[in-house]
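Listed here are the chains, written in short residue letters.
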Amino acid sequence: MAESPFVAVDIEPIGRARPIGDATARIDLDADRFEGEGLRGIESFSHAVVVVHGDPPRWNDVTAAGDRFRWAGPAPSPLAVTTGRISDAGDCWIDLGDVHLGERRPVVDAKPYMKEFGPFGPESQPFWLSEVGHDTSD
């Protein structure tokens, strides 16, 4: 059997997500690893990109557009990414609005969104996704 060119990666969460309202969540960072300096200036950004461990919210009516890259059904990776609007922040926490994050999801990483690192050119997606995109019911 040929050796795989892919290497296993160990990732330690930097915090946990918890819902605090409708489409609102708080990211509680590990206070033992962060002493408040890591979030300095975060309020000057409008959004944060969050990587969590665990399947994303299920969209019952979503048909997979691709077998390996999808938001419905079992995912090939236990990581999910979401972007939320920064509404408040403290020494070791960030509140995000307009975001989909499940209860006590381990947060692998969180970064301020920078348009320079966003997509080049116009974005596109299947037309039907806009109709079901905000329905996260099981």
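A. Representation of the sheet that holds strand β2 (residues 24-29) within the structure. In space, the six strands of this closed barrel follow the order β1-β2-β5-β4-β3-β6, with antiparallel pairing throughout. With strand direction ignored, the average angle separating the axes of adjacent strands in the sheet is 45 degrees. Bridge count for β2 against strand β5 (residues 93-97) is five bridges, and the pairing is antiparallel. Opposite Thr-24, over in β5, you have Gly-97 as the bridge partner.

B. Spotlight on the pairing of β2. Across six bridges, strand β1 (residues 15-21) lies against β2 in antiparallel orientation. From the neighbouring strand, Gly-15 faces β2, where its bridge partner is Leu-29. In this structure, the hairpin formed by β1 and β2 is closed by a connection of two residues, where Ala-23 is found at a positive phi of approximately 55 degrees.

C. Up close: unusual backbone geometry. Positive phi, close to 55 degrees, is recorded for Ala-23, a residue that is not glycine. Looking at where Ala-23 falls in the secondary structure, it is placed in the loop between β1 and β2. Judged by its relative accessible area of 32%, Ala-23 falls in the partly exposed class. Backbone geometry at Asp-98 places phi at a positive 55 degrees, although glycine is not the residue there. Along the chain, Asp-98 falls in the loop between β5 and β6 (105-112).

D. The environment of Thr-24, seen in detail. Mapping Thr-24 onto the fold places it in strand β2. Sequence spacing of Thr-24 and His-100 is 76 residues, and the spatial spacing of their C-alpha atoms is 7.5 Å. Sequence-distant contacts of Thr-24, defined by excluding residues within four places in its chain, comprise Arg-18, Pro-19, Leu-96, Gly-97 and Val-99.

E. Molecular detail of the side chain of Thr-82. Here Thr-82 shows up in strand β4 (residues 79-89). By relative accessible area, which is 13% here, Thr-82 ends up buried.

Quick notes on the rules
- Residues numbered from 1 in each chain as written.
- Predicted model: local features only at pLDDT ≥ 70, side-chain atom pairs only at ≥ 80, totals over all residues.
- Heavy atoms only, no water.
- Pairing = 2+ DSSP bridges.
- Helix = DSSP H or I, 4+ residues; strand = E, 2+ residues; numbered from the N terminus.
- Axes fitted to C-alpha atoms, helices over the stretch in contact; angles between N-to-C directions.
- Buried < 20%, exposed > 50% of the residue type's maximum accessible area, 1.4 Å probe, protein only.
- Contact = heavy atoms within 4.5 Å.

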